[in-house]
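Architecture and fold: a report
Residues per chain, in single letters:
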Amino acid sequence: MSIKKRSSGDRYFYALFFLLALFELLISRFPLLNTFDYEFSALNGIALFLTGGVIFLKYSADLNSVISAYRKIALKLLIAAGLVLVAGISFYLLINRCPIQYGFAFYFVITLPSLFNGTVTAYIIKLIFRRYNSLIFILSSIILFSLSLIEFYLFPQLYFYNPLFGYFSGTLYDESIVITNKLILYRMFNLLIGVGILWSVIEVKRKKIIKDVLIIIILIAFSFGVWSLKPAFGFATNVDLLKNKLGQEIQTRHSKIYTPLDYENGKYAALLYEYYYERLGELFKSNGEQMEVFIFKDSQQKNELFGSGSADVAKPWKKQIFTDIGSLESTLKHEMVHVLMAKYSAPPFYIPLNPALLEGVASALDNNYYGCPLHFMARTAYGNGYRMDINKLFSDYSFYSNYAGLSYVYAGSFVKYIIDKYGIKSAIEFYRSNDFVKSFNISLQEVVEEYYNFLKSLPETMNKEAAQLYFGGKSIFKKTCVRFAARETKRGYEYYNQGDYLKSAQIFENIYSKTKSYSSLLGLIKSYIAQKKFTEARKILSKEIKYFKETPYIYSLKLFYGDVSALSDDYEGALGLYNEIRSVNLNPEYYFSASLKIDLIEQNRIKEFLTGDSTIRKKILYDALQHGSYEALYQLCDLMDAEDDYLRVFDNYLNIDKNNVNNLHLLIKLSQCALKRGYHQIAKKIAVKAAEDIRDIYLEDITAENLRMVNWFVNFSEVTEYKITTRAYD
């Protein structure tokens, strides 16, 4: 090679090296990407896939010998891989001092194999095509990346396995991302398939068995076959696989609902869907669309099969909803709105590109945030300093960069305001066009100002403590070592659930020392309680609780502080903490938990309750109810099963005083509990009591909606047709 050619080639590599270094410098400015962990490795997997392919196309020569082809570029590939590794270590040293072991693990499982995949792809392209190699490589890379988008569009899943970036877990709400055996198997599968194809093409070319055009056709067919088999190997989820895994199908006039075989509330789920469909259909003039609703056993099964454990999701273009048993009641209506609004958006996804508009409409028509109306929650946030620029929220796509609760509440409350003032038709036009002026004949800024004045005019609501509980959290982008903390916390609870409390305590203590996260501190306290080290748990809480004073977790920790105080025989301290929680009036769950524990201290049952299993707790709750502690009803509703005497429990609604707002929420919960168990007439009696003589504008909303639902169940449960069938369970 001449000196001139060598110099030209060196300049090309230097330019490539500079671009890769510039890329690393760029991502150092972004949260999650600037931590040597999953996001860093996945994005750099794509970067090294492209880099490896470009290096191979530019510098390899002897294609008939794999060793010779790679020997010539080995040093350059090593330099590229080394640059990324050095960047990751530098991020650790200079930006985020999160434990580095997972960064190395993801680097070797995700990033390095992507570099090899890129060179193999380029090798095959260079063997077959004499011209336009670089263009064909770029197109091939785009196609490989797009396969995940096709899976997202066609398959009932959010997770992806892909040769470029290894693995994508789903939504950002799932903080724990780990290297699983399946991921390792997939990367080995990538390597074997790549090497196999490469060897086959080399042999075919060397022996000149078939023409290049036929090789291309065979490769495309083979690649499509491998891709279509991904569900069989567990690297994708198709509809048949999902239906078989769940096992039970409930068909109604407007839905097909798939649930686990042991799901006991199939009729309730069917009726709940039909009720929401009728309510929403009045707004949208529905054409009788039939949706598929997949109800997973829990978040773990949803994460495994669908790819989003912490969030429920709708795919409007497929008319599909994905939820789980624990969150069905709280999210079903919201997700149904997404599907029903699909006809007002353009293909291929039938959703607006603006997430504030997408989620705002669904939240507005659901009008429920933790059991409260949206305007109530927005007034609480606004009045206590948790404010948001609505103009920016709806114009610069900042929805997901804020704390999720604030974004959902403000977007939903604002959309509800414009629906109430300007009508649903104008709101639908806004959803369709994302053009505010065209839809309402007024500027967004003017309506936002009106909205702020509207919020100010509403009655004062909850106190600053309640606002802190609901809106004082951080987005995932602002948390410390979020991936490390989440996966280690999950590992700690695995040991905890196995009964190895000593090991779980060690793990939680290690996490807390590095991240000061609430979940690790809570896990540590639980581990000490399980070991009956109550004094130690109390000492830790007394020392660490001050660091959570400005967070939403302070109240949960105070409740636990009261628990460990009671377990340590400091009943006076426990009563002080429980009374504080009850007096600040956070929400019904905290109020009734604290009130019950105060009663149990007086009955000398608190230790037994705090250390007992669900059976023991249920017995204590029944006993407390007999002693007049109707606060026990709030937890008892969630613990009762088919063998319990529901009538004996529900009859206690007569003793509940409505003058306390928390008791009103208790009545609503009791009526919903009766409704779910099929006691529709009792549910109606309780709902009527809750709705009578309400003068509060916020409470009118929730009690009226609750009574409306109960009346629908009473009137239509027996005439609503549904059919339950089972499938072969795999």
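What this report covers is the structure whose coordinates are included nearby. Source: prediction; values computed, not measured. (Residues numbered from 1 in each chain as written. Predicted model: local features only at pLDDT ≥ 70, side-chain atom pairs only at ≥ 80, totals over all residues. Heavy atoms only, no water.)

We now examine the overall build of the protein. Broken down by element type, the protein carries 34 helices and eight strands. In summary, the protein has a C-alpha radius of gyration of 29 Å against a globular reference of 27 Å for 730 residues, a match within 12%. Projected onto its principal axes, the C-alpha positions of the protein cover 95 × 60 × 55 Å. Relative to its full complement of 730 residues, the protein shows a buried share of 54%. Partitioning the intrachain contacts of the protein with sequence separation of at least 6 by distance along the chain shows that 68% fall at a separation of at least 24. Summed over its atoms, the accessible surface of the protein is roughly 33700 Å², and 56% of this surface lies on carbon and sulfur atoms. Computed over 83 positive and 72 negative side-chain charges, the separation of the two mean positions in the protein equals 11 Å. (Helix = DSSP H or I, 4+ residues; strand = E, 2+ residues; numbered from the N terminus. Rg over C-alpha atoms; globule rule 2.2 N^0.38 Å. Buried < 20%, exposed > 50% of the residue type's maximum accessible area, 1.4 Å probe, protein only. Contact = heavy atoms within 4.5 Å. Areas by Shrake-Rupley, 256 points an atom, 1.4 Å probe, with all protein chains shown as cover. Lys, Arg positive; Asp, Glu negative; His and termini not counted. Charge placed at Lys NZ, Arg CZ, Asp CG, Glu CD.)

A few words now on the side chain of serine 407. Tracing the sequence through the fold places serine 407 in helix α16 (residues 404–422). Contacts of serine 407, omitting those with residues within four sequence positions, involve Met388, Leu393, Phe399 and Asn402.

Moving on, we get to the side chain of glutamate 151. Among the structural elements, glutamate 151 can be located in helix α5 (residues 133–154). Of the polar contacts made by the side chain of glutamate 151, one reaches the side chain of lysine 230; its length is 2.7 Å. Those residues in contact with glutamate 151 that sit more than four places away from it in its chain are Gln157, Phe160, Trp227, Lys230, Ala236 and Lys315. (Polar contact = N/O pair within 3.5 Å; in protein donor to acceptor, adjacent residues only side chain to side chain.)

To describe a pair of aromatic rings, you give the distance between the ring centres and the angle between the ring planes. By the definition in use, this model includes 71 aromatic pairs. Both rings, one in tyrosine 153 and one in tryptophan 317, keep their centres 5.6 Å apart while their planes meet at 5 degrees; by these two values the pair is stacked. Here the residue tyrosine 153 occupies a position in helix α5, and tryptophan 317 occupies one in the loop between β6 (313–315) and β7 (320–324), the gap between them amounting to 164 residues. Looking at tryptophan 317, the relative accessible area reads 13%, which means it is buried. Here the aromatic rings of tyrosine 451 and tyrosine 452 are separated by 6.1 Å at their centres, their planes lie at 45 degrees, and the arrangement is tilted. Each of the two residues, tyrosine 451 as well as tyrosine 452, counts as buried. Put simply, the rings of Tyr382, Phe394, Phe414, Tyr417, Tyr422, Phe430, Phe436, Phe440, Tyr451, Tyr452 and Phe454 pair up and form one aromatic cluster. Its end group placed over the ring of tyrosine 92, arginine 97 keeps NZ or CZ at 4.7 Å from the ring centre. (Phe/Tyr/Trp six-rings, centres within 6.5 Å; stacked < 30°, edge-to-face > 60°. Lys NZ or Arg CZ within 6 Å of the ring centre and 35° of its normal.)

For the rest of this paragraph, the subject is helix α12 (residues 328–340). For α12, which comprises 13 residues, the first-to-last C-alpha distance of 18 Å matches the rise-based estimate of 18 Å (1.5 Å per residue) to within 8%. The buried fraction of α12 amounts to eleven of the 13 residues, a majority that puts the element mostly inside the structure. Those residues of α12 lying buried are Leu328, Thr331, Leu332, Lys333, His334, Glu335, Met336, Val337, His338, Val339 and Leu340. Looking at the buried side of α12, the elements it contacts are α10 (266–284), β5 (291–296), β6, β7, α13 (355–366) and α16. (Expected span 1.5 Å × (residues − 1).)

Right, let's get into the state of the cysteines. For the structure on display, the rule yields one disulfide. The thiol of cysteine 372 is not disulfide-bonded; the next cysteine sulfur, from cysteine 637, is found 18 Å away. Classification of cysteine 372 as buried rests on a relative accessible area of 8%. We note that cysteine 673 lacks a disulfide partner, and the nearest cysteine sulfur, in cysteine 637, lies 3.3 Å from it. Looking at cysteine 673, the relative accessible area reads 9%, which means it is buried. (Disulfide = S-S within 2.5 Å.)

Counted by the stated rule, this structure contains 29 salt bridges. With a shortest N-O distance of 2.9 Å, lysine 205 and aspartate 212 are connected by a salt bridge. Its relative accessible area of 23% is what places lysine 205 among the partly exposed residues. Within this structure, Arg605, Glu608, Lys619 and Asp623 form a network of salt bridges that share partners. (Salt bridge = Lys/Arg side-chain N within 4 Å of Asp/Glu carboxyl O.)

The strand order across the open sheet built from six strands is β6-β7-β5-β4-β3-β8, with neighbouring strands paired in mixed fashion. The sheet is open, and its two edges are formed by β6 and β8 (722–726), each paired on a single side. The mean inter-strand angle of the sheet, taken between neighbouring strand axes irrespective of direction, is 20 degrees. (Pairing = 2+ DSSP bridges. Axes fitted to C-alpha atoms, helices over the stretch in contact; angles between N-to-C directions.)

A few words now on a nonpolar patch on the surface. Together, Leu50, Tyr132, Leu135, Ile138, Leu139 and Ile142 make up a nonpolar patch on the protein surface, roughly 560 Å² of accessible area in all. With four residues, α5 is the single largest residue contributor to the nonpolar patch. With respect to the helices and strands, leucine 50 occurs in helix α2 (residues 38–59). Taking the relative accessible area as the measure of exposure, leucine 50 reaches 31% and is therefore partly exposed. (Patch = residues over 30% accessible without salt bridge, like charges linked within 9 Å, V, L, I, M, F, W, Y side chains within 5 Å.)

The subject of this paragraph is the pairing of strand β4 (residues 255–260). Where burial is concerned, most of β4 is hidden: five out of the six residues are buried. Pairing between strand β3 (residues 247–252) and β4: five bridges, direction antiparallel. Counted as the bridge partner of glycine 247 is proline 260 from β4. Linking two consecutive strands that pair antiparallel, namely β3 and β4, is a turn of two residues. By the bridge criterion, four bridges tie β4 to β5 in an arrangement that is parallel. Residue isoleucine 257 lies in a different strand from β5, and its bridge partner there is valine 293.

Relative to the helices and strands, threonine 611 is located in helix α28 (residues 606–611). Since its relative accessible area comes to 43%, threonine 611 is described here as partly exposed. Linking threonine 611 and alanine 530, residues 81 residues apart in sequence, is a C-alpha distance of 7.9 Å. Setting aside anything within four residues of it in sequence, one finds threonine 611 in contact with Phe534 and Leu567.

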